[in-house]
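# Fold and geometry: a report
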Amino acid sequence: MNDAPFIKKKILIIEDEKDILFTLKDFLESENYLVLTAENGFEAMKLLQTSGMPDLILLDMKMPIMNGWEFAIEFLDKHDHQSPMVVITAAADAEKRAKDISAVGWVEKPFDLEVLLKTIKRYEKK
Ligand SMILES: [Mg+2]
């Protein structure tokens, strides 16, 4: 028997479409992740002041108030590369979008949850 506590990996999802946000949250919780959510970049920056750095950030690009591009600039300025970012986007140029904001990867919408999970496991902080 191992008494060592199992430390859950922490994922921050930033997504303005609530159905997508909660689908992802439920799925990742079922995979034993601790999930934080924000509906735009501004809300995410505020949350990060108290939550500590997540092991990975899933970032939508088109959002009101503060979009994914604006969030990435502010996050990198304040926190450097402390959390890897993975872009979630329906755009055909997902790879370019990811590179533009120094994200480590991308997942295309509509997602295949297994592909999403593989991508998270590949890039999450070890
Ligand atoms: Mg959006």
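Residues numbered from 1 in each chain as written. Predicted model: local features only at pLDDT ≥ 70, side-chain atom pairs only at ≥ 80, totals over all residues. Heavy atoms only, no water.

## Describing the packing of aromatic side chains
Using the criterion set out here, one finds 1 aromatic pair in the structure. On the numbers, 5.6 Å between centres and 25 degrees between planes, the contact of F71 with F75 is stacked. Placement of both F71 and F75 in helix α3 (residues 68-79) is noted, with a separation of 4 residues, approximately one turn of the helix. The pair formed by F71 and F75 is uniform in burial state, with each residue classed as buried. (Phe/Tyr/Trp six-rings, centres within 6.5 Å; stacked < 30°, edge-to-face > 60°. Helix = DSSP H or I, 4+ residues; strand = E, 2+ residues; numbered from the N terminus. Buried < 20%, exposed > 50% of the residue type's maximum accessible area, 1.4 Å probe, protein only.)

## Some points on the nonpolar core
Side chains of a nonpolar character, in soluble globular proteins, are inclined to be buried together. Judged by nonpolar contacts, the single largest core of 20 residues is most densely connected at L12, I14, I57, L59, F71 and M85. Elements supplying a minimum of two residues to this core: β1 (10-14), β2 (34-38), α2 (41-51), β3 (56-60), α3 and β4 (85-89). Beyond its immediate sequence surroundings of up to four residues, F71 is in contact with I14, G41, A44, M45, L48, I57, L59, M66 and M85. Listed in part, the 17 residues of the second largest apolar core include I11, Y33, L56 and I120. (Core = buried A, V, L, I, M, F, W, Y, C linked by side-chain atoms within 4.5 Å. Contact = heavy atoms within 4.5 Å.)

## Some points on the sheet that holds strand β5 (residues 105-108)
Reading across the sheet, the 5 strands line up as β2-β1-β3-β4-β5 and stay open at both edges, with parallel pairing between neighbours. Each end of this open sheet is capped by a strand with a single partner; those strands are β2 and β5. Taking the axes of each pair of neighbouring strands and ignoring which way they run, one obtains an average angle of 20 degrees across the sheet. As defined by bridge partners, β4 adjoins β5 across 4 bridges and the pair is classed as parallel. Bridging across to β5, V86 finds its partner in G105. Here helix α1 (residues 18-30) sits on the sheet in contact with β1, β2, β3 and β4, set at roughly 170 degrees to β2. (Pairing = 2+ DSSP bridges. Axes fitted to C-alpha atoms, helices over the stretch in contact; angles between N-to-C directions.)

## Section: the side chain of N67
Within the secondary structure, N67 is located in the loop between β3 and α3. A residue is classified by how much of its surface remains accessible, and N67, at 19% relative accessible area, is buried. A distance of 3.0 Å separates a polar atom in the side chain of N67 from the backbone nitrogen of W69. In terms of polar contacts, N67 uses its side chain to reach the backbone amide nitrogen of E70, at 2.9 Å. (Polar contact = N/O pair within 3.5 Å; in protein donor to acceptor, adjacent residues only side chain to side chain.)

## Some points on the coordination of the magnesium ion
The magnesium ion binds to the protein through D16 (OD), D60 (OD) and K62 (O); the donor distances cover 2.1 to 2.2 Å. Mapped onto the sequence, the donors of the magnesium ion take the spacing D-x43-D-x1-K. Of this pair, D16 sits in the loop between β1 and α1 while D60 sits in strand β3, and the two are 44 residues apart along the sequence. (Donors = N, O, S within 2.8 Å, 3.2 Å for Na, K, Ca; no water.)

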